[in-house]
Amino acid sequence: MTSDVLPTGGSADDGLPAGPADTGPDTDADTTADTGGIVGAAADAAAAEAAQPVRRLPVTDVSLVVLIGTSGSGKSTFARRHFQPTQVVSSDYCRGLVADDENDQSASTDAFDVLHYIVGKRLAAGRLTVVDATNVQPESRKALIRLAREHDVLPIAIVLDVPTPVCAERNSHRPDRRLPAHVLPRQQRELRRSMKGLEREGFRKVHVLRGEAEVAAAEIVPEKRFNDLRHLTGPFDIVGDVHGCRSELETLLVRLGYRIDRDDRGRAVDAAHPEGRTAVFVGDLVDRGPDTPGVLRLVMGMVAAGHALCVPGNHENKLGRHMDGRKVTVSHGLKESIDQLAAEPEEFRAEVRAFMRGLVSHYLLDGGALVVCHAGLPEKYHGRNSGRVRSHALYGDTTGETDEYGLPVRYPWAEEYRGRALVVYGHTPTPTASFVNNTICLDTGCVFGGHLTALRYPERELVTVPAEQEWYAPVRPLHTDAPGGREGRPLDLADVAGRRIVETAHHGRVSVREENAAAALEVMSRFALDPRLLAYLPPTMAPSATSRREGYLEHPEEAFFAYRHDGVQQVVCEEKHMGSRAVVLVARDGSALEKRFGLAGPGAIWTRTGRAFLGDEELTGAVLARLRAAAERAGLFDELGTGWLLLDTELMPWSLKAAELLRRQYAAVGAAAGAALPQVLAALDRAAERGLDVADLTARQRQRALDADAFTAAYRRYCWPTEGLSGIRLAPFQLLAAEGANLAVLPHDRHLGWLDRLVGADDPDEPILQRTGRLVVDTADEASVAAGIAWWEELTAAGGEGMVVKPLASLVRDAGGRLVQPGVKVRGREYLRIIYGPDYTEYLDQLRQRFLGHKRSLALREYALGLEALDRLAAGEPLWRVHEPVFAVLALESEPVDPRL
C-alpha cells in the first residue's frame, strides 16, 4: 500500500503546521547494505516481486526527504538506487566522520549534529536532500521537521515497512553490524506507533512501502514546485492591483496591445496579445471597485486560455474564505464584492471559488530572473513553500506599529533587498511606480482615483491609465513608503566588502579577493566621484604577443596572427592617442541624468579609477557643454532616443592629468641624463686624447646619450600647454551606452560612424574633438595585413604611440565559446622607451621573457564586468546592481601585474 497525504483545507503551498522544535539523536544503528536475504521460498518471493505494479512516489524537486525504517530495511540501498550520492546524507557516514567508525553509537550525538548542519546548508541552498537514518523515533523526526520549516521546504516521509525477520536476516550478513536481540523489535514497535501520526507531525507527503516487493517496485517521480515557472521566459505584461476596476483594466490591456474577446452579452471573457505576450496579475483583483465579477470573468478567462497568470492577493484570500463559509470580518471593501457576486449565478460563483483555491502564492519566471507576488518577497523565500512564505507573499511584513490612520506600518523590505531576481508586487498603494533595489510596486491606487499600472518585462517600461473616478475613498492618502526614489537606499558596505563573486552574462562568475576589494574600497571612498554616476570603468588592455623581430618588442603581425588563430577575420586598427583614458557622461539637459542616475547636472568626466579627471569644475562643465552641443547638432540624442550618452574617450594632452608624474619620473630622468652624459663623453674624449683605449666605452655612452635624447623627445610629444579649453583635445572612440541600450556590444564601425558625426559637428573655429584614425584589416589577406603593418609604421615613425587592434564585430567568441580579447595594443618602439627606459632596446632578450597570461586574463575579466555593468544600466537595474561590477573592475586593478604591460 502506498499513501500520499497532503493536508486539505488550504492552498497547495500553505505552510507547515506549527510544532515544538525539539532535537535528539537517533541512537539505533542502520545498515548501509542490502544483501537481499530472503525469508521463505526464494522462487515465490521473486515471482511476487515481478508481479508487483510500479509504485510511483512523487517527490518535490526542492524538499527534505526523510527515509524511515528499521535497521536492515534497505533504506541505504533505496537511497543509492533512487537519488544522487550528493543528495543523500547518511547518519552512518556522519558517525564515521566524527568517530572513524560508522558503528560507534557513542558518537551518535555528534554525528547527528553534523547531519543536521549539512542538511541545513543544503536546504538553504535550495537542494533536494535525503536523510538516510532509521528515523523511527518522533524526537529524531522533530529535528528534521524543524529544519524543513526553518528553510521553508516541504518535508516528505518515505516509510520502508519491511518485516522484522527480513531485516534480521540482512543484518546477519553484516560482520560489522551485531545488534542486540531487543533492538529490531523495539524499532518495529516505534515504527508502528509512528506511521499513523506522520501527517500530524508535519510531513506534507507520506509514502508507505509495505514489504520487499513494494520497496523494489518503487519509482521516484520528481515534481516541480507549483511556483516554479522558470521555463516561461515571457515577454510579460505585469498588472498591478485592479480592485474591481474592470473598465480601466480593459483600457490598459488595449493600450498594451491585447485584443479583448467578449461573450454574446458583450462582457470581456478573454484577452490575447497578437505577439504572444503573457499578462501576469499581482492579485487584489477584487473588492472596493465597481465590477469585481467583471474583472474576475476577464482574468479567469485569460488564465484558462493560457494568456495570463495570476497570483493571489490578501483580498482574494479573504473573499475565498468567506465564499467557503468561513467567518471573516467584512471590511476594506469586501462587502462590495459580496453584494456584486450575489447577483451572479451559482455556477459562476463556484468557478470563482475554484479559481481562488488554485492560486499559488508567487511565481518564479524567466529562469528565476523574475518573481511576481502580491506583497513582496525577500530572496530567501523565492521558490520556497510554507505558510510563512505564503503569508509574506499575501500580506508582507510589518514593524508591529500602526500609523495615525490605524493601519499597520509596512516593514521596508525592499530597501534591504539585494537579490538577483526582479521582484514585482503590489499591495501598498503609491502615487507612482518606481524601482527600489531591483523591486517595483505596481499598486498605484486605481480604485482610489489614481492609476492602473503595468510593467512590460523584460523591457522594464511602465504603462499606465488613469482611474475613471475615485471608486473608494482611501483611509490613508497615497504616499511613497520607500525613501530614495528610484534606487531606494543607495549603497551598503556589504555590497562590496569581503570576497565577492560577480555573475556576468559573458564570462560567467568573476571572483574578487577580499584584499583587492579592500584596496578598491579605499580608492572609491576617498577619491572617486559620486557612485551614482560611476556606471562604468574601462578595462585594462593586454599588449600583443612579444615580437621576435630584431629591434622590436611589439609588432602588429603578432596581433593579426592571434586574431586569425581565434577565428576573427576582420579587425579594426584604431590610432592610439597621446593622452589618458577618460569616461564621459554627458547629459542633454539638467534633468536628464536625474531620471536615471538620481543626480541632476551636466554630466561628469572620470579616470580609470573613478576619480574626477579635471579638478576644475568650470573646465569640466565647459568640455561637457562643447560635447553636448556637438551631440545635439549631430542628432545623436534624437537618433538614440536618450537624454544622456556614455562615451569611452582619450583626453589629451597626457600632461593634463599626469603633469606631476611627468616632472617626477620622466623629466627627472631626461634632466639627469642631459646633465651627466655630456660630462661623461667629455671625460672619455680626454682619455682617448691621452692614448687610452676607450673606443667601445665611448660608443656605448654615445648610444646612451642618443637613447636619452630619444626618451626625452618621446615623452615631450605628450605634453603641451593648455589654458582653459585651448589646447585640450578629446578623442572619443566608443559610444558605450544610452538610455535603455548597451551600445558597447555593437560593431566598431557603427561606433566610429557615430563618433565621426560627433567630431564633425564640433565648433570649427575652436575644435576640441579629435577624430580617431582607423584602418580595417582582413587577417586572412596578406596584402591587407601588410597594409595594416605599414599604417602602424607610419603612425609610430611620426611619433605616435601606436594602435589598438580590435575585432570589428566587437563582442566575439572563439570556436570553443570563450571570449576573445576585445582589443590588444601594439605600441611603437619610441613610445616604449617611456615605459621600459631610455636604453631598453639593449635588453630586448631579457624583456621578451615577459609573461602575459595574467594580464590577458585580467583584461578579459574586466571587459566582461564592464559589459555586465552596461547591461544592468540598460536594463534599468538599481544602483547597487550596476555598481557591483564597476567596483569589481577597480578591485581587479589592484591585482599584482607588471605595470609596464
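Up top is the structure these notes are about.
This is a predicted model, so every value here is computed, not measured.

Cut-offs and rules
Residues numbered from 1 in each chain as written. Predicted model: local features only at pLDDT ≥ 70, side-chain atom pairs only at ≥ 80, totals over all residues. Heavy atoms only, no water. Pairing = 2+ DSSP bridges. Helix = DSSP H or I, 4+ residues; strand = E, 2+ residues; numbered from the N terminus. Phe/Tyr/Trp six-rings, centres within 6.5 Å; stacked < 30°, edge-to-face > 60°. Buried < 20%, exposed > 50% of the residue type's maximum accessible area, 1.4 Å probe, protein only. Lys NZ or Arg CZ within 6 Å of the ring centre and 35° of its normal. Expected span 1.5 Å × (residues − 1). Arc of directions from axis to C-beta. Contact = heavy atoms within 4.5 Å. Salt bridge = Lys/Arg side-chain N within 4 Å of Asp/Glu carboxyl O. Core = buried A, V, L, I, M, F, W, Y, C linked by side-chain atoms within 4.5 Å. 1 Å grid on protein atoms, 1.4 Å probe; cavity = no way out; pocket = protein on both sides within 12 Å on 5 of 7 lines; lining within 4 Å. Points joined across faces, edges and corners; volume = space filled by probe spheres on them. Nonpolar A, V, L, I, M, F, W, Y, C, P; charged D, E, K, R; others polar.

1. Section: the sheet that holds strand S15 (residues 370-372)
Point 1. The strand order across the open sheet formed by 5 strands is S8-S14-S15-S18-S19, and the pairing between neighbours is mixed. Here the strands that pair on one side only, and so sit at the sheet edges, are strand S8 (228-229) and strand S19 (439-441).
Point 2. Bridging between S15 and strand S18 (residues 422-425) involves 3 bridges; their strand directions are parallel. Bridged to Val-372 within S18 is Val-424.

2. Considerations on the packing of aromatic side chains
Point 1. Inspection of every chain in the model, using the stated rule, returns 7 aromatic pairs.
Point 2. Ring centres 6.2 Å apart and planes at 25 degrees place the aromatic pair Tyr-836 and Tyr-840 in the stacked group.
Point 3. Tyr-836 sits in the buried class, given a relative accessible area of 13%.
Point 4. Relative accessible area serves as the criterion here: at 1%, Tyr-840 is assigned to the buried category.
Point 5. Positioned over the ring face of Phe-348 is Arg-297, at 4.5 Å from the centre of the ring.
Point 6. Between the NZ or CZ atom of Arg-829 and the centre of the ring of Tyr-552, over which it lies, the distance is 5.5 Å.

3. Focus: helix H7 (residues 183-195)
Point 1. For H7, spanning 13 residues, the distance from its first C-alpha to its last is 18 Å, which sits close to the expected 18 Å at 1.5 Å a residue.
Point 2. Looking at H7, one finds that the buried residues are Val-183, Leu-184, Gln-187, Gln-188, Glu-190, Leu-191, Ser-194 and Met-195. Axial view of H7: buried residues confined to an arc of 165 degrees, hence all on one face.
Point 3. On the buried face of H7, the contacting elements are strand S2 (63-68), helix H5 (138-150), strand S5 (154-161), helix H6 (164-172), helix H8 (198-201) and strand S6 (205-210).

4. A look at the pattern of salt bridges
Point 1. Summed over the entire model, instances satisfying the criterion amount to 52 salt bridges.
Point 2. As a salt-bridge pair, Arg-146 and Glu-150 come within 3.1 Å of each other at their nearest N and O atoms. On the criterion of helical spacing, the pair formed by Arg-146 and Glu-150 is a turn pair, its members being 4 residues apart in helix H5.
Point 3. Residue Arg-146 is classed as buried on the basis of its relative accessible area, which comes to 18%.
Point 4. Judged by its relative accessible area of 43%, Glu-150 falls in the partly exposed class.
Point 5. Across the salt bridge formed by Arg-349 and Glu-346, the nearest N and O atoms sit 2.8 Å from each other. Taken together, the residues Arg-349 and Glu-346, both in helix H14 (residues 346-357) and 3 residues apart, mark about one turn of the helix.
Point 6. Under the relative-accessibility criterion, Glu-346 is labelled partly exposed at 40%.
Point 7. In the salt-bridge network here, residues are joined through shared partners; they are Asp-237, Arg-277, Arg-456, Glu-459 and Glu-461.

5. Observations regarding the nonpolar core
Point 1. By size, the foremost hydrophobic cluster in this structure holds 45 residues, and its most contacted members are Leu-585, Phe-597, Trp-606, Trp-644 and Leu-646.
Point 2. At 9 residues, the largest contribution of residues to this core is made by helix H28 (residues 853-874).
Point 3. Grouped together as the second largest cluster of nonpolar side chains are 40 residues, Leu-319, Leu-341, Cys-446 and Phe-448 included.

6. Let's talk about empty space enclosed by the protein
Point 1. Within the structure shown, the criterion is met by 3 cavities of 30 Å³ or more.
Point 2. Computed from the structure, the largest cavity encloses a volume of approximately 230 Å³.
Point 3. Around the largest cavity, the lining comprises 19 residues; the ones closest to its centre are Pro-539, Arg-581, Gln-734, Pro-822 and Tyr-863.
Point 4. For the lining of the largest cavity, the secondary-structure elements that each account for two or more residues are strand S29 (729-738) and H28.
Point 5. The space that makes up the second largest cavity amounts to roughly 90 Å³.
Point 6. Lining the second largest cavity are 11 residues, and of these Arg-532, Phe-597, Leu-873, Leu-879 and Val-882 lie nearest its centre.
Point 7. For the lining of the second largest cavity, the secondary-structure elements that each account for two or more residues are helix H19 (592-597) and helix H29 (879-892).
Point 8. Residues of the lining of the second largest cavity, tallied by class, amount to 7 nonpolar, no polar and 4 charged.

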